Amino acid sequence: MAQQDGPDEAHRRPAGVGDGTVAALGKLSEALECVERARGHLYSLHQLIGHADLMLDDVVRMFRDAGHPETAERIRTQLLGRNVIAGRWTFQIVEDFDDGYYTLFRELDRYAREQLVGGRRHLHEAEMKERRRTRGLPGHEARPGAGD
């Protein structure tokens, strides 16, 4: 039996769901994707600052070896291991972000999808794909294994 042309059931709009709802869920998903990218940058910050702090061990040693003990000591005591934000290293910033804003954002995205479209994801994109693909052309199949 040939598969039906079009998206699978998980990517079809439930009966009675209007365009405005699909658009709003699509915008919420897009916003979450921006937060996901920001989260990645936050983890990059965490790793880069951590790496820089570890490099300061070499910096301190090199200044001492070059005959600049005052500079070495100032860097060691004032900069090495310093909080990047009042009272926090980057791991604490990441944890606060993950446990607070990020978790709530994901929970509300899931809540909206569950309440409004039975948990379905990416309906806006699935419908856009249907509008933009060329039916019957290789590489434009609705889904894997759906040889139009």
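Not measured: the values here are computed from a predicted model.

A. Local environment of the packing of aromatic side chains. Summed over all chains, the structure comprises four aromatic pairs. For the ring pair tryptophan 89 and phenylalanine 91, a centre distance of 6.4 Å and an interplane angle of 80 degrees mean the geometry is edge-to-face. Taking 6.0 Å as the distance between ring centres and 20 degrees as the angle between the ring planes, the aromatic pair formed by phenylalanine 97 and tyrosine 102 counts as stacked. Cluster of aromatic residues (ring-pair linked, three or more members): Phe97, Tyr101, Tyr102 and Phe105.

B. Inspection of the environment of alanine 38 at higher detail. Tracing the backbone through its elements, the reader meets alanine 38 in helix α1 (residues 19-65). Its relative accessible area of 38% is what places alanine 38 among the partly exposed residues. Separated by 15 residues in sequence, alanine 38 and alanine 23 have C-alpha atoms that sit 23 Å apart.

C. Structural context of the packing of α1 against helix α2 (residues 69-78). At a minimum axis distance of 7 Å, the contact between α1 and α2 shows a crossing angle of 160 degrees. Viewed along their axes, α1 and α2 adopt a mutual orientation that is roughly antiparallel. α1 and α2 meet at a crossing whose hand is left-handed. In this structure, α1 contributes Leu56, Val59, Val60, Phe63 and Arg64 to the contact, and α2 contributes Pro69, Thr71, Ala72, Glu73, Ile75 and Arg76. Of the residues in the contact of α1 with α2, the class split is seven nonpolar, one polar and three charged.

D. Geometry of the environment of glutamate 130. With respect to the helices and strands, the residue glutamate 130 is situated in helix α4 (residues 123-132). Look at glutamate 130 and you get buried, because its relative accessible area is 17%. With 124 residues separating them in the primary sequence, glutamate 130 and glycine 6 have C-alpha atoms 6.9 Å apart. Contact partners of glutamate 130, with chain neighbours within four places excluded, come to Gly6, Pro7, Arg135 and Ala142.

Scoring rules and cut-offs
Residues numbered from 1 in each chain as written. Predicted model: local features only at pLDDT ≥ 70, side-chain atom pairs only at ≥ 80, totals over all residues. Heavy atoms only, no water. Phe/Tyr/Trp six-rings, centres within 6.5 Å; stacked < 30°, edge-to-face > 60°. Helix = DSSP H or I, 4+ residues; strand = E, 2+ residues; numbered from the N terminus. Buried < 20%, exposed > 50% of the residue type's maximum accessible area, 1.4 Å probe, protein only. Axes fitted to C-alpha atoms, helices over the stretch in contact; angles between N-to-C directions. Parallel < 35°, antiparallel > 145°, perpendicular 65-115°, else oblique. Left-handed = near helix turned anticlockwise from the far one by under 90°. Contact = heavy atoms within 4.5 Å. Nonpolar A, V, L, I, M, F, W, Y, C, P; charged D, E, K, R; others polar.

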